[in-house]
Amino acid sequence: MEMEQRKKGYLLILLAAVVYSTTEVALKELAGAFAPMQLTAERVLVGGAVLLPFALRELKARGVKLTASDFRYFLGMGALTVMLHMSLLQMSLLTEDASAVAVIYSGNPVFALFFAHLLLHEPLRRSSLTALALEVLGILIILNPFELEMSLPGFLEILIATICFSVYGTLSKLRVGRIGSYAVTSFNLLIGGAELLIILLLGKLPAVAALYERCGLTLFAAVPLTTGFTLRTTLIFLYVGTVVAGVGFLLMTKITEYTSATEASFIYLLKPVLATALAAAVFHEAISLNRMVGIAFFLAASLCVSVPVLREMKRQKAAEETGRGEKA
C-alpha cells in the first residue's frame, strides 16, 4: 500500500475522531425534540442527499454503472448501518449517559480487527493487538463491571450497534475500490434511510402499530415525521445529518479506501478522550477517577498504533531521499 495514501488515511482518522466524538452529545441534545426513530431516518436521508451529487459525479468519472448486485449490497448495508446500528445507538441514548455510550462504542476496533481478518484476510499486526488489549482494559476500567451503573438493555443496544458498525467498515472495502467512497456512502445512507422510513410509515397504520407494540418495538409505532423543528433544533439536526451522518460515514469509507478496515477503526482509540471532554463540558457529566485512568489506557493504545506508522513513514522518507541522492 502506498505510504502517501496511508498518511492521508491517518490524517482523516484524526478528523473523523473529532467528528464522531460529537455524535452522542449532539444526539442527546435533540433527544427531547424529535422522536428517536424520526431523527434517525431523517438525518440519514439528509446526509445521503448532501453526498449524492458527489456520488453521481464520481460514478460518471469512473465510468461505472450500478448493477443489481450493487443495489442488493446497498439494501443489506442500509439495513445493517441504519435500521440496526443507528437505531440502536439512538435508543441507547434515551437511557444512558452520552459519555458511557461513547466509551462502549469505542470498542469498535476489537470487532473490526476480527471481521477484517476473517472476511478480508487483513494481517494481525503486533502493535494493533497490543493497542486492542490496552483498549479493552481501558473500557473495563471505565465501566467497572463490578459496579456497572448501566442497564442491561442499554448495554446490549450499544454493543450490537458497535458490532454492526465494525461490519460496515469491513464490508465497505468490498465495493469502494470499484464505485468509490462517495457512492458507497451516499447510496448506503439513502437506501438505509428509505428502508427505515418505510417501516415508520407502516407504523402509522393502527394494525401495524399494534403489532410493533406487541413485539416491544413501540419506538417504531405512530412516529411523527414533521414535528420538533425549531430554529435551534433545525441547526443541530442539519449538523447531525450533514456532518455526523454524511461526512462521518464518508470519512470512515475514505479511510478504509486509503488504509485498511482495521486501521479505519482506530478512530475509536481517540474518540473516548474527546467525547468524554465534550460530555463533561456540555452536560456537566462527572468524570470519575476510573474514567480518567481508562482514558489514559486509550491514549496509550493510540500511541501503540501511531508510533510504528510514524517510524515507517520516516524510514520510507529517508529511503526516498537516499535514492534521489544516488541518482544525482
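Residues numbered from 1 in each chain as written. Predicted model: local features only at pLDDT ≥ 70, side-chain atom pairs only at ≥ 80, totals over all residues. Heavy atoms only, no water.

Draft legend 1. Main features of helix α11 (residues 206-214). Every buried residue belonging to α11 is among Val208, Ala209 and Tyr212, and all of these are buried. Along α11, the residues classed as buried sweep out an arc of 100° about the axis, all on the same side. Those residues of α11 that are exposed and angled more than 90 degrees off the buried face are Pro206, Ala207 and Arg214. In this structure, the buried residues of α11 make contact with α10 (181-202). Positioned one or two residues after α11, Gly216 has a phi angle of 80°, which is positive. (Buried < 20%, exposed > 50% of the residue type's maximum accessible area, 1.4 Å probe, protein only. Helix = DSSP H or I, 4+ residues; strand = E, 2+ residues; numbered from the N terminus. Arc of directions from axis to C-beta. Contact = heavy atoms within 4.5 Å.)

Draft legend 2. Representation of the nonpolar core in the model. Tyr20, Phe165, Tyr168, Leu200 and Ile267 are the most contacted members of the largest nonpolar core, which has 79 residues in total. Excluding its chain neighbours within four sequence positions, the residues that come into contact with Leu200 are Met37, Gln38, Ala41, Phe220, Val223 and Leu225. (Core = buried A, V, L, I, M, F, W, Y, C linked by side-chain atoms within 4.5 Å.)

Draft legend 3. A look at the side chain of Ser186. Mapping Ser186 onto the fold places it in helix α10. On the basis of relative accessibility, which here comes to 0%, the residue Ser186 falls in the buried class. For Ser186, the contacting residues outside a window of four places in its chain are Gly48, Leu51, Leu52 and Ala55.

Draft legend 4. Local environment of a nonpolar patch on the surface. A grouping of Val110, Val136, Leu137 and Leu140 is seen on the molecular surface, where their side chains present a nonpolar patch of about 280 Å² in accessible area. For the nonpolar patch, the element with the highest residue contribution is helix α7 (residues 126-143), accounting for three residues. Turning to its location among the elements, Val136 is positioned in helix α7. (Patch = residues over 30% accessible without salt bridge, like charges linked within 9 Å, V, L, I, M, F, W, Y side chains within 5 Å. Areas by Shrake-Rupley, 256 points an atom, 1.4 Å probe, with all protein chains shown as cover. Salt bridge = Lys/Arg side-chain N within 4 Å of Asp/Glu carboxyl O.)

Draft legend 5. Just the side chain of His85, in detail. Among the secondary structure elements, His85 is positioned in helix α4 (residues 68-92). For His85, a relative accessible area of 3% puts it in the buried group. Polar contacts involving the side chain of His85 include one to the main-chain carbonyl oxygen of Thr81, which spans 2.9 Å. Ignoring anything within four residues of it in the chain, the contact list for His85 reads Leu80, Tyr105, Ala161, Cys164, Phe165 and Phe249. (Polar contact = N/O pair within 3.5 Å; in protein donor to acceptor, adjacent residues only side chain to side chain.)

Draft legend 6. Structural view of the pattern of salt bridges. A full pass over the atoms with the stated rule returns five salt bridges. For Arg232, the salt bridge goes to Glu29, with nearest N and O atoms at 2.3 Å. One end of the pair, Arg232, is in helix α12 (residues 231-258); the other, Glu29, is in helix α2 (residues 23-29), with 203 residues separating them in the sequence. Arg232 gets classed as partly exposed once you look at its relative accessible area, which sits at 47%. With a shortest N-O distance of 3.7 Å, Glu257 and Arg62 are connected by a salt bridge. Taken as a pair, Glu257 in helix α12 and Arg62 in helix α3 (residues 36-62) lie far apart in primary sequence, 195 residues in all. A single network of salt bridges, built from pairs that share partners, joins Arg62, Lys254 and Glu257.

Draft legend 7. Expanded view of the packing of aromatic side chains. This structure, assessed with the given rule, holds twelve aromatic pairs. On the basis of an interplanar angle of 25° and a centroid distance of 5.6 Å, the ring pair of Phe54 and Tyr182 is categorised as stacked. Separated by 128 residues along the polypeptide, Phe54 in helix α3 and Tyr182 in helix α10 bring together distant segments of the chain. Using a relative accessible area of 36% as the deciding quantity, one classes Phe54 as partly exposed. Classification of Tyr182 by relative accessible area gives partly exposed; the value is 27%. A ring pair is formed by Phe229 and Phe237, whose centres lie 5.4 Å apart and whose planes are at 85°; its orientation type is edge-to-face. Taking the relative accessible area as the measure of exposure, Phe229 reaches 37% and is therefore partly exposed. In this structure an aromatic cluster arises from ring pairing among Tyr20, Phe165, Tyr168 and Phe249. (Phe/Tyr/Trp six-rings, centres within 6.5 Å; stacked < 30°, edge-to-face > 60°.)

Draft legend 8. Quick peek at the environment of Leu39. For Leu39, the location among the structural elements is in helix α3. C-alpha of Leu39 to C-alpha of Ser92: the two residues are 53 residues apart in sequence and 14 Å apart in space. Residues in contact with Leu39, not counting those within four places in the same chain, are Leu27, Leu30, Phe34, Gln90, Phe237 and Val240.

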